[in-house]
Amino acid sequence: MASLTRNILLTFLCVLLGFACFSNAQLSANFYGTSCRNLQTIVSSAMRQAVNRESRLGASILRLFFHDCFVNGCDASILLDDTATFTGEKNANPNRNSARGFEVIDTIKTQVEAACPNAVSCADILALAAREGVVLLGGPSWAVPLGRRDARTASQSAANTQIPAPTSSLSTLLSMFSAKGLNARDMTALSGGHTIGQARCTTFRTRIYNDTNIDAQFATTRRATCPSSGGDANLAPLDIQTPNRFDNDYYQNLVARRGLLHSDQELFNGGSQDALVRSYSTNGAAFRSDFAAAMVRMGNISPLTGTNGEIRRNCRAIN
């Protein structure tokens with residue numbers, strides 16, 4: 001009854017203030033204001049411990065959130081383990097052997113359950129953890145709309161087809177982001193998440209051996225640890241300069257033809273995003289602002305709210 005009353009009040013508020021009431025209208029930064037007052041403190045503290053232990057985890061959690069939202073919305077479906085009778089998304093091509101940080105979400109969930117039993121969704125925990133990871137590495141903060149519920153299903157096939165590949169062309173990237181309600185500016189700003197983190201050799205081998213729009217010295221440097229065959233799991237920083245600091249060096253690298261992934265360099269390759277990439281490369285404040293806004297929009301992709309989905313007790317399994 002309380003949930004129904006809240007939904008009615010929010011809908012009335014939307015109408016009263018002239019807002020469009022889409023599926024994300026039920027999300028609110030204060031959703032847990034009474035049911036779990038310490039939520040953000042718990043998430044922040046746990047993420048600080050995780051990132052202090054391994055800086056890369058900030059990028060890993062951000063990637064988990066991206067891969068979650070692009071498959072049937074931000075519903076924590078990526079967190080579900082495979083079982084004998086259930087196929088999740090962890091072994092889809094974009095996630096297998098590369099998606100990581102699940103144990104961090106498990107830790108946060110355990111702490112949140114101890115403080116606020118059966119109140120906070122894994123989807124919201126992931127959304128908050130992604131924000132905290134960015135902030136801890138020097139990036140912008142933003143108010144995370146909350147109130148998502150967790151999916152009881154997952155889709156390996158959707159994960160295989162709806163998450164952009166590192167070999168994607170600019171037109172493919174624009175199309176795949178557009179399909180999620182995100183425009184070209186959102187896409188270019190969100191791609192800046194690659195200013196932190198690492199990539200596996202198998203994702204950029206073709207780029208450093210076959211692409212022509214690449215700085216020769218950069219290609220030579222990357223080939224040293226990514227042979228033409230073998231070494232698939234060898235890692236390289238997505239941003240060669242400051243892989244553990246959230247800044248605009250990613251865009252400076254693109255202008256210098258030092259994008260690690262083919263899909264990265266597609267943003268600056270004589271196409272529609274060149275001017276925006278140049279702008280971000282010289283204006284870090286503009287990038288930070290656009291990235292934060294785009295993260296909110298991405299977090300609003302098809303959330304489960306109201307009586308849809310559930311609040312999982314264990315993020316790895318449906319109740």
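Residues numbered from 1 in each chain as written. Predicted model: local features only at pLDDT ≥ 70, side-chain atom pairs only at ≥ 80, totals over all residues. Heavy atoms only, no water.

A. Local environment of unusual backbone geometry. Unlike most non-glycine residues, N97 shows phi in positive territory, near 65°. Residue placement: N97 occurs in the loop between α3 (56-69) and α4 (102-115). (Helix = DSSP H or I, 4+ residues; strand = E, 2+ residues; numbered from the N terminus.)

B. How the structure looks around the domain arrangement of the chain. Examined at the domain level, the chain breaks down into domain 1 (38-163) and domain 2 (170-298). One C-alpha centre belongs to domain 1, the other to domain 2; they are set 22 Å apart. If you look at the interface, domain 1 gives 24 residues, while domain 2 gives 19 residues. Roughly 1,900 Å² of surface becomes buried between domain 1 and domain 2 when both sides are summed, with 74% attributable to carbon and sulfur atoms. Viewed at the interface, domain 2 and domain 1 are joined by zero salt bridges. When contributions to the side of domain 1 that touches domain 2 are tallied by element, the ones reaching two or more residues are α3 and α6 (156-162). (Domains from an automatic or database assignment. Contact = heavy atoms within 4.5 Å. Buried area = accessible area lost by both parts, 1.4 Å probe. Salt bridge = Lys/Arg side-chain N within 4 Å of Asp/Glu carboxyl O.)

C. Representation of the UniProt feature "binding site: substrate" (unreviewed entry) in the chain within the structure. Under the local residue numbering, the UniProt record ascribes the feature "binding site: substrate" (unreviewed entry) to P164. Among the structural elements, P164 can be located in the loop between α6 and α7 (170-178). The buried category is assigned to P164, whose relative accessible area is 15%. Ignoring sequence-local partners within four residues, the contact set of P164 consists of F66, F70, L173, M176 and F177. (UniProt positions renumbered as here; feature names shortened; annotations may be inferred. Buried < 20%, exposed > 50% of the residue type's maximum accessible area, 1.4 Å probe, protein only.)

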